[in-house]
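Structural overview for review
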Amino acid sequence: MKVLFFAALKEQLGVEQLDWPTPAATLGELRQQLMAQSPEWQQAFSRYAQMAAVDQSLSPDSTPLADVQEVAFFPRVTGG
Amino acid sequence: MIALQREPLDLNALNAQLESPNGETGAAVTFCGTVRDDGQVIALELDHYPAMTELAMQQLVAEAEQRWTLAKVLLIHRVGRIELGQPIVWVGVTSAHRAEAFAACEFLMDALKSRIPLWKKVHYHDGRSEWVEAKGSDAQRAER
């Protein structure tokens with residue numbers, strides 16, 4: 001599964017995208033797996049990953065990830 | 001129609017698209033958001049999610065068109081670096097009467113600020129830069 005990061009989260013992690021090999025049942029489970037990688041990931045996610053999209057659609061942590069191609073995490077949006 | 005563009009907005013050309021020379025529509029409402037000087041601001045930089053941002057803008061326009069009877073809806077947003085005083089976003093709506101156009105224009109701006117993947121970074125005169133934090137008031141407005 002492709003995982004993307006944007007804005008302050010991308011900058012804090014120093015990572016734009018990665019291929020995540022570990023299966024995750026839900027968006028929330030994937031979030032926990034990513035955060036468990038290191039204290040840096042834990043901190044960056046706590047501060048800058050309030051929103052997420054599953055296959056380009058804004059989604060809550062309860063969203064199932066079966067057959068999903070792309071997940072993105074990012075801070076609250078600030079356009080306009 | 002929606003557009004996400006790096007080039008400056010041509011407001012005259014956008015306004016011309018809302019004209020109603022044969023009187024088909026009685027109301028046109030536009031909103032233009034500009035880079036404001038909150039103190040020492042030199043420019044903004046807009047990050048976006050290429051595979052999603054335009055798609056989400058199209059969905060937003062479709063939602064407005066379902067909710068109100070509208071003739072034309074134009075939603076244009078800039079990405080990349082935008083200098084102080086330059087327009088960032090422009091919304092134009094036409095309808096038979098003003099109530100629909102006013103309501104749809106306000107809805108589009110409120111929803112854009114809380115649901116479209118766009119992020120502002122502020123660049124200051126002294127070389128510093130920082131990501132803009134989302135305002136709670138914007139989320140509340142979008143709920144309405």
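Structure: above.
Here we summarise the structure given alongside this text. (Residues numbered from 1 in each chain as written. Chains lettered and ligands numbered in written order. Predicted model: local features only at pLDDT ≥ 70, side-chain atom pairs only at ≥ 80, totals over all residues. Heavy atoms only, no water.)

Tallying secondary structure elements over chain A gives three helices and five strands in all. When the elements of chain A are put in sequence order from the N terminus, they spell out β-α-β-α-α-β-β-β. Rg of the C-alpha trace for chain A: 12 Å, near the compact-globule value of 12 Å for 80 residues, within the 12% margin. Evaluated residue by residue, chain A yields a buried proportion of 52% over its 80 residues. For chain A, contacts bridging at least 24 residues in sequence account for 55% of all contacts bridging at least 6. Working note: accessible area of chain A is about 3900 Å², and carbon and sulfur atoms make up 47% of it. Treating the 5 positive side-chain charges of chain A as one cloud and the 9 negative ones as another, the clouds have centres 10 Å apart. (Helix = DSSP H or I, 4+ residues; strand = E, 2+ residues; numbered from the N terminus. Rg over C-alpha atoms; globule rule 2.2 N^0.38 Å. Buried < 20%, exposed > 50% of the residue type's maximum accessible area, 1.4 Å probe, protein only. Contact = heavy atoms within 4.5 Å. Areas by Shrake-Rupley, 256 points an atom, 1.4 Å probe, with all protein chains shown as cover. Lys, Arg positive; Asp, Glu negative; His and termini not counted. Charge placed at Lys NZ, Arg CZ, Asp CG, Glu CD.)

Let us look at the packing of helix α3 (residues 98-115) of chain B against helix α4 (residues 136-143) of chain B. All names here are of chain B. As a packed pair, α3 and α4 sit with axes 8 Å apart at the nearest point and diverge in direction by 130°. The angle between the axes of α3 and α4 places the two elements in the oblique class. Judged by the sense of rotation from one axis to the other, the crossing of α3 with α4 is left-handed. Residues Glu106, Asp110, Lys113 and Ser114 of α3 touch α4, and the partners they reach there are Asp138, Arg141 and Ala142. Class assignment of the residues belonging to the contact of α3 with α4 gives a composition of one nonpolar, one polar and five charged. (Axes fitted to C-alpha atoms, helices over the stretch in contact; angles between N-to-C directions. Parallel < 35°, antiparallel > 145°, perpendicular 65-115°, else oblique. Left-handed = near helix turned anticlockwise from the far one by under 90°. Nonpolar A, V, L, I, M, F, W, Y, C, P; charged D, E, K, R; others polar.)

A few words now on the interface of chain B and chain A. Each partner contributes residues to the interface: chain B has 25 residues there, and chain A has 21 residues. At the boundary of chain B and chain A, one finds two salt bridges. Put simply, Lys121(B) and Glu11(A) hold a salt bridge, and the shortest N to O gap is 2.6 Å. Counting every contact that joins chain B to chain A gives 11 residue pairs in polar contact (both at pLDDT 80 or more). At the level of secondary structure, the elements contributing two or more residues to the side of chain B that touches chain A comprise β3 (41-48), β6 (87-95), α3 and β7 (118-124) of chain B. The leading source of residues in the side of chain B that touches chain A is α3(B), at five residues. Counted by class, the side of chain B that touches chain A contains 16 nonpolar, three polar and six charged residues. (Salt bridge = Lys/Arg side-chain N within 4 Å of Asp/Glu carboxyl O. Polar contact = N/O pair within 3.5 Å; in protein donor to acceptor, adjacent residues only side chain to side chain.)

To continue, consider the layout of surface pockets. Taken as a whole, the largest pocket spans an internal volume of roughly 710 Å³. Going through the elements one at a time, β2 (27-34), β3, α3, β7, β8 (129-131) and α4 of chain B are the ones with two or more residues in the lining of the largest pocket. Here the lining of the largest pocket gets four residues from one element, more than from any other, and that element is α4(B). Residue classes in the lining of the largest pocket are distributed as 14 nonpolar, seven polar and 10 charged. What the second largest pocket holds in volume is close to 260 Å³. Listed by contribution, the elements that provide at least two residues to the lining of the second largest pocket are α1 (7-13) and α3 (39-48) of chain A together with β7 and β8 of chain B. Split into classes, the residues belonging to the lining of the second largest pocket amount to eight nonpolar, three polar and six charged. (1 Å grid on protein atoms, 1.4 Å probe; cavity = no way out; pocket = protein on both sides within 12 Å on 5 of 7 lines; lining within 4 Å. Points joined across faces, edges and corners; volume = space filled by probe spheres on them.)

Time to look at the environment of Arg141(B). Residue and element names in this part refer to chain B. On the secondary structure map, arginine 141 appears in helix α4. For arginine 141, a relative accessible area of 33% gives the class partly exposed. As a C-alpha pair, arginine 141 and glutamine 17 span 124 residues in sequence and 28 Å in three-dimensional space. Apart from residues no more than four positions distant in its own chain, arginine 141 is found in contact with Glu106 and Asp110.

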